[in-house]
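Listed below, chain by chain, are the residues.
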Amino acid sequence: MKKIIIGLLLAGSFLANAAEPEFTAKQLQQIAELRTNASNSELSYQLLESLTTEIGPRLPGTENDKKAVAWAQATFNQLGFDKVWLEEATFPEWRRFSESGKILTPSEQTLHLTALGHSVSTPKDGITAEVILFETLDELIAAPANSLKGKIAYINYRMNRDIDGNGYGPAVRARSTGSVEAAKKGAIGYMMRSVSTAHHRFAHTGGSHYQDGVTKIPNVTIANPDADQLARLVALGKNVTVNINVQTEDRGQGTSYNVIGQFNGTQNPEQYVLIGGHLDSWDLGTGALDDGAGVALTMAAAKHISEIKRPKRSIRVVLFAAEELGLWGAKAYFKQHANELDKIVAAAESDFGADVVYGFESNVSAASLPVVRAIAKQLAPLNVEYIGKNSANGGPDLIPFKNATSAPIFELHQDGTDYFDYHHTADDILDKIDPAKLKQNTAAYAVFAFMAADAKTTIKAKPVASK
């Protein structure tokens, strides 16, 4: 009987140990305090106000970009981060100087347009030609050879509006390669409806690409109301001619820096949670939504964590360089840290504005899901829903990590219903930020990062699929 009792006691002890929670009662108390503090703090808004007001637009390679790097480095130090450093990133530097457009026939009307990133210049007096309208990129690709000789190709694709921004991918195809396909057909210029859900009269810029061996032609987008006007004229059977005048410059290789701040972990400082955003912005607005908000809220989240407790693992905030011109800072970070990416226990980027975080999703090993669910439970008071698909994509600057290796990726899904009304326009400025929503974002990132860094179990990535 005595042996049986001892056996039962040992079995009970084993079961108790096996069922030990990922977080102790004391940790849960700290998490609740962190959530409250971050939800009530003005820090993230103050940081965003400083960046967008004192620095402004931050096109990679410009003087403002250099000032932003200095601002970020100084701010990390002022916030008390344990380590602050820069890592070089090179990229193809480009400048926009002037841009204008007008409909000439059937009557003269102003066109609100903007050059796409990397667009070549028109001649000094611009280019004037008839517009040929296509509804989709595929329709342009299917056009007969030489059918656009001496013409300006125009794609009128309308982006749909959705909470998760799912219309962006299909719409951005025309932005990325439309000018290449137009040039193949003989066009001398390329226009497209803005990649946008807006009704306002701002043109939306963005990245575009040329192809070796294909003539480079001027490459612009027009504001959605102007796109509607063009489409109506074409539908009426009018011969529509326009003048496009953009003056730009390809400046060769430029240099900027990823700016990194870290609070060191107490037990395994070599392991870290990576959060952040991209420091650069387009030159039209001040980059408040894209991506000043991501910069500010992740810096603030890490600071709030440090005020509660230093977790077991480090919290690293990475402010990526030259994202808008092609993820160059992310590529540089991946290359420099390629041999130690297994030290990342969780990675999430905020680069989708500053509306509320409504969902939380992971992309991790099955064995790590208990930790994920524990984090989700503590995000629920912020009205964040757990999305259990375990297939998160992460932000744009995490693409090199996800494509080339296995990393524990997380996504704090933000409401993007209105994001593409302002994205890449002159209207992306501080007044588009709701301070209360920014606080909720900051609190969500703080809770997530702290729990991922302080969990009993180290979060692991999904096994790399064999080729």
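The model shown is predicted, which means the values in this text are computed figures rather than measured ones.

A. Here's a closer look at the layout of surface pockets. Here the largest pocket is characterised by a volume of approximately 1,200 Å³. Every residue lining the largest pocket is counted, 46 residues in all, and those nearest its centre are Tyr168, Asp351, Gly394, Gly395 and Pro396. By residue number, the principal contributor to the lining of the largest pocket is helix H6 (residues 168-184), which donates 6 residues. Counting residues domain by domain, the lining of the largest pocket receives three or more from each of domain 1 (25-82 + 264-454) and domain 2 (95-251). Around the second largest pocket, the lining is made up of 19 residues, and of these Pro92, His118, Ser208, Tyr210 and Lys216 lie nearest the centre. Contributing elements (two or more residues each) for the lining of the second largest pocket: strand E1 (83-105), strand E8 (241-263) and helix H9 (328-336). In terms of residues, the lining of the second largest pocket owes the most to one element, E8, which gives 3 residues. Across the lining of the second largest pocket, the residue classes tally to 6 nonpolar, 8 polar and 5 charged. Split by domain, the residues of the lining of the second largest pocket number at least three in each of domain 1 (25-82 + 264-454) and domain 2 (95-251).

B. Seen up close, the domain arrangement of the protein chain. For the protein chain, the assigned domains are domain 1 (25-82 + 264-454) and domain 2 (95-251). Contact residues are listed per partner, giving 23 residues for domain 1 and 24 residues for domain 2. When the two sides are added together, the surface that domain 1 and domain 2 hide from each other amounts to roughly 1,800 Å², 58% of it contributed by carbon and sulfur. Inspection of the region where domain 1 meets domain 2 yields 3 salt bridges. Arginine 161 is paired through a salt bridge with aspartate 418; the nearest N and O atoms lie 3.2 Å apart. Summed over the shared surface of domain 1 and domain 2, the number is 13 residue pairs in polar contact (both at pLDDT 80 or more). Counting residues per element, the side of domain 1 that touches domain 2 draws most heavily on helix H12 (residues 419-422), at 3 residues. In terms of residue class, the side of domain 1 that touches domain 2 is built from 9 nonpolar, 8 polar and 6 charged.

C. Highlighting the pattern of salt bridges. One pass over the full model with this rule turns up 23 salt bridges. Measuring nitrogen to oxygen at the nearest pair gives 3.4 Å for the salt bridge that ties glutamate 93 to arginine 251. Pair noted here: glutamate 93 is in strand E1 and arginine 251 is in strand E8, with a separation of 158 residues, a long-range link. Taking relative accessible area as the criterion, arginine 251 reaches 41% and is therefore assigned partly exposed. Here the salt bridges do not stand alone but share partners, grouping Glu93, Arg95, Glu249 and Arg251 into one network.

D. Examining unusual backbone geometry more closely. Following threonine 105, the chain continues to proline 106 via a peptide bond in cis, the omega torsion being 15°. Residue placement: proline 106 occurs in the loop between E1 and strand E2 (109-111). For the peptide bond that leads from aspartate 290 to aspartate 291, omega is 5°, which places it in the cis range. Among the structural elements, aspartate 291 can be located in helix H8 (residues 288-308). Positive phi is not limited to glycine here, since asparagine 146 has a value of about 65°. Tracing the sequence through the fold places asparagine 146 in the loop between helix H5 (137-141) and strand E5 (152-155). Even without a glycine there, the phi angle at asparagine 383 is positive, about 65°. Along the polypeptide, asparagine 383 turns up in the loop between helix H10 (369-379) and strand E13 (385-387). Judged by relative accessible area, which is 66%, asparagine 383 ranks as exposed.

Here is what the cut-offs are and how they apply
- Residues numbered from 1 in each chain as written.
- Predicted model: local features only at pLDDT ≥ 70, side-chain atom pairs only at ≥ 80, totals over all residues.
- Heavy atoms only, no water.
- 1 Å grid on protein atoms, 1.4 Å probe; cavity = no way out; pocket = protein on both sides within 12 Å on 5 of 7 lines; lining within 4 Å.
- Points joined across faces, edges and corners; volume = space filled by probe spheres on them.
- Helix = DSSP H or I, 4+ residues; strand = E, 2+ residues; numbered from the N terminus.
- Domains from an automatic or database assignment.
- Nonpolar A, V, L, I, M, F, W, Y, C, P; charged D, E, K, R; others polar.
- Contact = heavy atoms within 4.5 Å.
- Buried area = accessible area lost by both parts, 1.4 Å probe.
- Salt bridge = Lys/Arg side-chain N within 4 Å of Asp/Glu carboxyl O.
- Polar contact = N/O pair within 3.5 Å; in protein donor to acceptor, adjacent residues only side chain to side chain.
- Buried < 20%, exposed > 50% of the residue type's maximum accessible area, 1.4 Å probe, protein only.

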